[in-house]
Amino acid sequence: MKTVKIGRNSPCPCGSGKKYKQCCLGKKSVSIAEQYQQRYGITLKTPEQVAGIIEAGKLLTEIMDGVEAMIVPGLATEEINRFVHEKTIAAGAVPAPLNYHGFPKSVCTSVNEVICHGIPGNDVLQDGDIVNVDITPILGGYYADANKTFFVGTPTERGRKIVSVAARSLELAMTVVRPGATLGDIGHAIQSYAEGQGCSVVREFVGHGVGLDFHEAPQVPHVGRPGQGIPLVPGMVFTIEPMINLGGRELKLLDDGWTAVTRDGSLSAQFEQTLLVTEKGYQSLTPFDLGQFIF
């Protein structure tokens, strides 16, 4: 594995809170990859692994584009599931959600007040609804994970607001991703913006490492304080996927054991991308234009 370098004035990857030059610089040589694996359980990805995740991401974005084209009033969410499943299998990939801890479908479809993990079924989309579609294919052993929230027919004012705030929250979070930034910087960018817009941020579900498995270290909270948490280094691959509620942040889990909904019945929206920390910033491995959802 390539040894990742870290700047003298960057936060020390050992987690001490000190600068690298004041802490572990000059001590017995241990690669950053080894330090992150030992201390945090984080696997920094090799170029070969990143290439595999990129290919999975290309398949994901192709499928997502197909889903976007089929979103109309009158569509049953099971039809989204069937489309995602068939396209994934046809590409020689596997839908990661299917049978994951018993999840019964190949994609999550979360409508209106559903925060995440909605199960596709006979529910029919109505004009003015919003629906989040969360796709994760496994291609050649590599995972890519992303989601979008779509308008169904003519959007309502409330729908436009929550979708816009959720998209902008992810966009702002992505801009802080670079070596030397921290997970707390990501959470702070989301929380300060979303709460400033009068919305709330779900705490119970977070972003996560991904690539070699569906969910890896680290967890990526969507709230936080600047400078707190694990420092980012090149080779980290994780999702940022803020779940933003138009009302309160409290949730409840339905009897199916999966579907999380807002406790007050308010709308919830989410966007997600899989990101690689690079030497100078970040690269989205599941790229799509967030600007079209921001008003």
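Further up the page is the structure itself.
Residues numbered from 1 in each chain as written. Predicted model: local features only at pLDDT ≥ 70, side-chain atom pairs only at ≥ 80, totals over all residues. Heavy atoms only, no water.

Caption draft 1: Geometry of the overall build of the protein chain. When helices and strands are tallied, the protein chain shows five helices and 17 strands. Computed over its C-alpha atoms, the radius of gyration of the protein chain comes to 19 Å, within 12% of the 19 Å expected for a compact globule of 295 residues. Taking the principal axes of the C-alpha coordinates as reference, the protein chain spans close to 65 × 45 × 35 Å. Per-residue burial for the protein chain yields a buried fraction of 55% across its 295 residues. Per element, the accessible surface of the protein chain, about 12,700 Å² overall, is 49% carbon and sulfur. (Helix = DSSP H or I, 4+ residues; strand = E, 2+ residues; numbered from the N terminus. Rg over C-alpha atoms; globule rule 2.2 N^0.38 Å. Buried < 20%, exposed > 50% of the residue type's maximum accessible area, 1.4 Å probe, protein only. Areas by Shrake-Rupley, 256 points an atom, 1.4 Å probe, with all protein chains shown as cover.)

Caption draft 2: Structural detail: the pattern of salt bridges. One pass over the full model with this rule turns up seven salt bridges. The residue E68 makes a salt bridge to K148 at a minimum N-O spacing of 3.5 Å. In this pair, E68 sits in helix α2 (residues 47–70) while K148 sits in strand β7 (residues 146–151), placing the two residues 80 residues apart along the sequence. E68 sits in the partly exposed class, given a relative accessible area of 28%. Measuring nitrogen to oxygen at the nearest pair gives 2.8 Å for the salt bridge that ties E78 to K105. Of this pair, E78 sits in helix α3 (residues 77–90) while K105 sits in the loop between β1 (94–95) and β2 (108–111), placing them 27 residues apart in sequence. For E78, a relative accessible area of 16% corresponds to the buried category. (Salt bridge = Lys/Arg side-chain N within 4 Å of Asp/Glu carboxyl O.)

Caption draft 3: Expanded view of the nonpolar core. I186 and I240 are the most contacted members of the largest nonpolar core, which totals 71 residues. The biggest single contributor to this core is helix α4 (residues 157–175), with eight residues. With residues up to four places along the chain from it excluded, the contact list for I240 reads L170, A173, V177, I186, I190, V220, H222, F271, E272, Q273 and L275. Within the second largest apolar cluster, 10 residues are counted, among which are I53, Y143, F214 and L285. (Core = buried A, V, L, I, M, F, W, Y, C linked by side-chain atoms within 4.5 Å. Contact = heavy atoms within 4.5 Å.)

Caption draft 4: Representation of the side chain of N112. Within the secondary structure, N112 is located in the loop between β2 and β3 (114–116). A relative accessible area of 18% means that N112 is categorised as buried. Only 2.9 Å separates the side chain of N112 from the side chain of D129, close enough to count as a polar contact. For N112, the contacting residues outside a window of four places in its chain are D129, I130, L267 and S268. (Polar contact = N/O pair within 3.5 Å; in protein donor to acceptor, adjacent residues only side chain to side chain.)

Caption draft 5: Structural detail: the sheet that holds strand β12 (residues 243–245). Here we have three strands laid out as an open sheet, ordered β8-β12-β15, and antiparallel in their pairing. With one partner strand each, in any of the chains shown, β8 (200–201) and β15 (268–270) form the two edges of the open sheet. With three bridges joining them, β12 and β15 adopt antiparallel strand pairing. Counterpart to M243 in the pairing with β15 is Q270. (Pairing = 2+ DSSP bridges.)

Caption draft 6: Structural view of the sheet that holds strand β5 (residues 137–139). Taking strand neighbours across the sheet as the criterion, the three strands line up as β1-β5-β6 in an open arrangement whose pairing is antiparallel. Strands at the two margins of the open sheet, each flanked by one partner only, are β1 and β6 (142–143). In this sheet, β6 lies alongside β5 in antiparallel orientation, the contact comprising two bridges. Across the sheet, residue I138 finds its bridge partner in β6, namely Y143.

Caption draft 7: Just the environment of K252, in detail. Looking at the secondary structure, you find K252 in strand β13 (residues 251–253). Between the C-alpha atoms of K252 and V114, which are 138 residues apart in sequence, the distance is 9.7 Å. In this view, K252 contacts T259, A260, V261 and R263; residues no more than four positions away in its chain are not counted.

Caption draft 8: The side chain of T136, seen in detail. Following the sequence through the fold, T136 ends up in the loop between β4 (130–135) and β5. T136 gets classed as buried once you look at its relative accessible area, which sits at 2%. Side chain to side chain, T136 and D145 meet in a polar contact 2.8 Å long. T136 has contacts with V94, P95, A96, P97, Y143, A144, D145 and F214, leaving out every residue within four places of it along the chain.

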